[in-house]
Amino acid sequence: MKETTKKTTVKLTVSAMLIAMSTGLSLIKPVDLPMGGSVTILSMLPVMLIPLMFGVKWGFFACFVNSIIQMLLSVAEVVSWSLTPTVLIACLLLDYILAYTVLGTVGFFRKGGKVAIVIGVVVALVLRLLMHFISGVVLFGEFDGGLWSGIWVSLSYNMSYMVPEMITSSIVVTILLNNKAFYKLIKS
């Protein structure tokens, strides 16, 4: 077997395992909000390790695959909200495809040191929050009494589950990066 084929096989296998971990962790929801969103036990961290280990291009693709899985797991709930077809498609695009795919941006920080990687994790999660925020304002703001009300409702609602994810993911990735074997794995 060629060396390139071995590397690709390793990347596929590790990526599949990390996506599976993210998927499993996303099903553990200590806090599950009524209109989507939940606090999970580090469900985004495993998938964010893929771009850190294998680079931006591979990482974005893996995060896209994860976004499809997350969307499929939640589509029945989203459809039950009785959205118009246009709002439903926009919701699936913003709240799933884009929101989970942007986690791949952490790969842009992989060449930096430990602090850069932690910043990358926070930036990726802030971008995910931004996708949910835009969705809340544009798609659901009309139900909350106007634009300004929609902005505050969307921001507070989405921050209620994303901020805990940011805090826990930042703490755990900091701990992991201080493990020499883990740091070497990310940097290899």
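Residues numbered from 1 in each chain as written. Predicted model: local features only at pLDDT ≥ 70, side-chain atom pairs only at ≥ 80, totals over all residues. Heavy atoms only, no water.

(A) Representation of the side chain of glutamine 70. On the secondary structure map, glutamine 70 appears in helix H3 (residues 56–79). Looking at glutamine 70, its side chain comes within polar contact range of the side chain of serine 26, at 3.3 Å. When residues no more than four places from it in sequence are discounted, the contact partners of glutamine 70 are Ser22, Thr23, Ser26, Tyr96 and Tyr100. (Helix = DSSP H or I, 4+ residues; strand = E, 2+ residues; numbered from the N terminus. Polar contact = N/O pair within 3.5 Å; in protein donor to acceptor, adjacent residues only side chain to side chain. Contact = heavy atoms within 4.5 Å.)

(B) Focus on the packing of aromatic side chains. Throughout the structure, instances matching the rule amount to three aromatic pairs. Geometrically, the ring pair formed by tyrosine 96 and tyrosine 100 is stacked, given 6.3 Å between the ring centres and 15 degrees between the ring planes. Remark: tyrosine 100 and tyrosine 96 occur in helix H4 (residues 85–101); sequence separation between them is four residues, near one turn of the helix. Taking the relative accessible area as the measure of exposure, tyrosine 100 reaches 11% and is therefore buried. Geometry around tyrosine 183 places lysine 114 over its ring, the cationic atom sitting 5.1 Å from the centre. Stacked on the ring of tyrosine 100, the Lys or Arg arginine 128 has its end atom at 4.2 Å from the ring centre. (Phe/Tyr/Trp six-rings, centres within 6.5 Å; stacked < 30°, edge-to-face > 60°. Buried < 20%, exposed > 50% of the residue type's maximum accessible area, 1.4 Å probe, protein only. Lys NZ or Arg CZ within 6 Å of the ring centre and 35° of its normal.)

(C) Molecular detail of the side chain of serine 170. When you line up the elements, serine 170 lands in helix H6 (residues 147–177). For serine 170, a relative accessible area of 15% corresponds to the buried category. Here methionine 166 takes part through its backbone oxygen, which lies 2.7 Å from a polar atom of the side chain of serine 170. Leave out the neighbours within four places in its chain, and serine 170 touches Val118 and Val122.

(D) Representation of the confidence of the model for the chain in the model. Confidence in the prediction for the chain averages 91 pLDDT; 94% of positions are at 70 or higher. Mean pLDDT across the secondary structure elements of the chain bottoms out at helix H7 (residues 180–187), with 88, and peaks at helix H2 (residues 45–54), with 97. (pLDDT = per-residue confidence, 0-100.)

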